[in-house]
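Single-letter residue listing:
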Amino acid sequence: AVKCNEINIPLRLSPAGKLHIYDLNENKSEPVCEQKVVRKAKLTKVAFNLQGEQAPVVLVGDDHACVSSLKLSPNLRWTALSK
């Protein structure tokens, strides 16, 4: 889980290569965002950068030593940062 201005934002990496982002203040059982990151690799590591208010990013590493960077959608930034 990542803390952003006292908001917990848990991330989940699925075996199918998807990144799930949850907002516990919105819904505890459904992800706010679900993104397919890789096709044939297993996701192993995740890092969340919320310091850059212009473009917060999520870095996801896989078992093939590749790192994918995903920019957070403006809708997710508004939900997570403005509350």
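Read on for a plain summary of the structure. Every value quoted in this text rests on a predicted model; they were computed, and no experiment measured them. (Residues numbered from 1 in each chain as written. Predicted model: local features only at pLDDT ≥ 70, side-chain atom pairs only at ≥ 80, totals over all residues. Heavy atoms only, no water.)

### Section: the nonpolar core
Core analysis: the largest hydrophobic core is formed by 10 residues, namely Leu 19, Ile 21, Val 37, Val 38, Ala 41, Leu 43, Phe 48, Val 58, Val 60 and Leu 72. For Val 38, the residues in contact, after removing those within four places along its chain, are Ala 16, Gly 17, Leu 43 and Asp 62. (Core = buried A, V, L, I, M, F, W, Y, C linked by side-chain atoms within 4.5 Å. Buried < 20%, exposed > 50% of the residue type's maximum accessible area, 1.4 Å probe, protein only. Contact = heavy atoms within 4.5 Å.)

### Concerning the pairing of strand β7 (residues 57-62)
Looking along a regular strand, one sees side chains alternate from face to face of the sheet. Direction of pairing for strand β6 (residues 43-49) relative to β7: antiparallel, over a ladder of six bridges. Bridged to Val 46 within β7 is Val 60. In the sheet, β7 pairs with strand β8 (residues 67-71) via five bridges, with the strands oriented antiparallel. Bridging across to β8, Leu 59 finds its partner in Ser 69. Taking the residues between adjacent antiparallel strands as the criterion, β7 and β8 are bridged by four residues, where Ala 65 takes a positive phi near 65 degrees. (Pairing = 2+ DSSP bridges. Helix = DSSP H or I, 4+ residues; strand = E, 2+ residues; numbered from the N terminus.)

### Quick look at the pattern of salt bridges
The final tally for this structure, using the stated rule, is one salt bridge. A salt bridge links Lys 18 to Glu 34, with the nearest nitrogen and oxygen atoms 2.9 Å apart. In this pair, Lys 18 is assigned in strand β4 (residues 18-21) and Glu 34 in strand β5 (residues 33-36), connecting sequence segments 16 residues apart. According to the relative accessible area criterion, Lys 18 is partly exposed, its value standing at 27%. (Salt bridge = Lys/Arg side-chain N within 4 Å of Asp/Glu carboxyl O.)

### Things to note about unusual backbone geometry
Unlike most non-glycine residues, Ala 65 shows phi in positive territory, near 65 degrees. Tracing the backbone through its elements, the reader meets Ala 65 in the loop between β7 and β8. According to the relative accessible area criterion, Ala 65 is exposed, its value standing at 73%.

### Some thoughts on the side chain of His 20
Relative to the helices and strands, His 20 resides in strand β4. A polar atom in the side chain of His 20 sits 3.5 Å from the side chain of Glu 34. Excluding residues that lie within four positions of it along the chain, His 20 makes contacts with Pro 10, Leu 11, Arg 12, Ser 14, Pro 31, Cys 33 and Glu 34. (Polar contact = N/O pair within 3.5 Å; in protein donor to acceptor, adjacent residues only side chain to side chain.)

### Topic: the sheet that holds β5
If you walk across this open sheet you meet the three strands as β3-β4-β5, and the pairing is antiparallel. One side of each edge strand has no neighbouring strand; the edge strands of this open sheet are β3 (11-13) and β5. For this sheet the average axis-to-axis angle between neighbouring strands, irrespective of direction, equals 15 degrees. (Axes fitted to C-alpha atoms, helices over the stretch in contact; angles between N-to-C directions.)

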